[in-house]
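Each chain, letter by letter, is given below.
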Amino acid sequence: MSNMSEIKHIYWSQLNFLEWQMIVAKTEKGLCFIGSNQGTAKELEKWMRKRYSDFKLIQDDDKLAASIEALTNYLKGKQRDFKIELDIIGTDFQKDVWESLKAIPYGETRNYSMIADSIKRPKAVRAVGTAIGANPLLIIVPCHRVLGKNKRLTGYRGGLAMKERLIALESAK
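Residues numbered from 1 in each chain as written. Predicted model: local features only at pLDDT ≥ 70, side-chain atom pairs only at ≥ 80, totals over all residues. Heavy atoms only, no water.

Enquirer: Would you take a moment to explain the overall build of the protein for this structure?
Expert: A tally of helices and strands in the protein yields six helices and six strands. For the protein, the α and β elements follow one another from N to C terminus as β-β-β-α-β-α-α-β-α-α-β-α. Taken over C-alpha atoms, the radius of gyration comes to 16 Å for the protein, in line with the 16 Å a tight globule of 173 residues would show. Seen along its three principal axes, the alpha-carbon backbone of the protein occupies a region of about 45 × 35 × 25 Å. Residues counted as buried form 46% of the 173 residues belonging to the protein. In the protein, 59% of the contacts between residues at least 6 apart in sequence involve partners at least 24 apart. Entry remark: accessible area of the protein is about 9,400 Å², with carbon and sulfur atoms responsible for 50%. (Helix = DSSP H or I, 4+ residues; strand = E, 2+ residues; numbered from the N terminus. Rg over C-alpha atoms; globule rule 2.2 N^0.38 Å. Buried < 20%, exposed > 50% of the residue type's maximum accessible area, 1.4 Å probe, protein only. Contact = heavy atoms within 4.5 Å. Areas by Shrake-Rupley, 256 points an atom, 1.4 Å probe, with all protein chains shown as cover.)

What follows is the structure in structure tokens.
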């Protein structure tokens, strides 16, 4: 947790590309949030309120231009990997899970048990699911690549329609 007296500045902008519309936000250190498709700044505000006692949201399209360009290129099918500084807030367990998600290759999927095994916590499948659900950086930390048993589409912070579209985008290699 940050020092109570310190106001955290969160810069945000909106990605608009075809039917995609997402809030993207960063701190001075790096990208910290990517919202669900058709999400608003309210989604960002609610997420930040759980993590910081005092913060200020500042719309700044310039500060986010490079990140939005990279995400747009991904949505166009032109970019698979991201070289973006991240400022990801979570517990050590969550961060282990999110690192494991980042290792899933573009166009491939895993299930929850495989992620639990990959972080050497094979019995923590439910906790892994919860950590995946708390992922603040949709797409960049590719939680859409995690499916339930028998490749079933399961929960996704951005909604199942968004998850399905991202999987389809990646399988159209």
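Enquirer: Teacher, can you tell me more about the UniProt feature "domain: Methylguanine DNA methyltransferase ribonuclease-like" (unreviewed entry) in the protein here?
Expert: In the numbering used here, UniProt assigns the "domain: Methylguanine DNA methyltransferase ribonuclease-like" (unreviewed entry) feature to residues 10-88. Here residues 10-88 runs as 30% helix and 30% strand, with 13 Å between its end C-alpha atoms. (UniProt positions renumbered as here; feature names shortened; annotations may be inferred.)

Enquirer: Mind showing me how you'd approach the domain arrangement of the protein here?
Expert: Quoted interface sizes are often the accessible area lost when the parts come together. When its domains are assigned, the protein resolves into domain 1 (8-76) and domain 2 (92-171). One C-alpha centre belongs to domain 1, the other to domain 2, and the line joining them spans 21 Å. Taken together, the contact pairs 16 residues of domain 1 with 15 residues of domain 2. Taking both partners together, domain 1 and domain 2 bury about 1,300 Å²; carbon and sulfur atoms supply 66% of that area. In this structure, Arg165 engages Glu19 in a salt bridge whose closest nitrogen and oxygen atoms are separated by 2.8 Å. In this assembly, domain 1 and domain 2 are joined by six residue pairs in polar contact (both at pLDDT 80 or more). For the side of domain 1 that touches domain 2, the secondary structure elements donating two or more residues are β2 (20-26), β3 (31-34), α1 (41-49) and α2 (61-75). The greatest single-element share of the side of domain 1 that touches domain 2, amounting to four residues, is contributed by β3. (Domains from an automatic or database assignment. Buried area = accessible area lost by both parts, 1.4 Å probe. Salt bridge = Lys/Arg side-chain N within 4 Å of Asp/Glu carboxyl O. Polar contact = N/O pair within 3.5 Å; in protein donor to acceptor, adjacent residues only side chain to side chain.)

Enquirer: It is not clear to me how the pairing of β2 should be interpreted in this structure. Could you clarify?
Expert: Regular strands place side chains that alternate from one sheet face to the opposite one. With five of its seven residues buried, β2 lies for the most part within the structure. The pairing of strand β1 (residues 8-17) with β2 spans seven bridges and is antiparallel. Bridge assignment links Tyr11 to a residue of β2, and that residue is Lys26. Two successive antiparallel strands, β1 and β2, enclose a turn made up of two residues, where Leu18 displays a positive phi of approximately 50°. Relative to β3, β2 is paired through three bridges, and the arrangement is antiparallel. Following the sheet pairing, Lys26 is matched in β3 by Leu31. What sits between the antiparallel neighbours β2 and β3 is a turn of four residues. (Pairing = 2+ DSSP bridges.)

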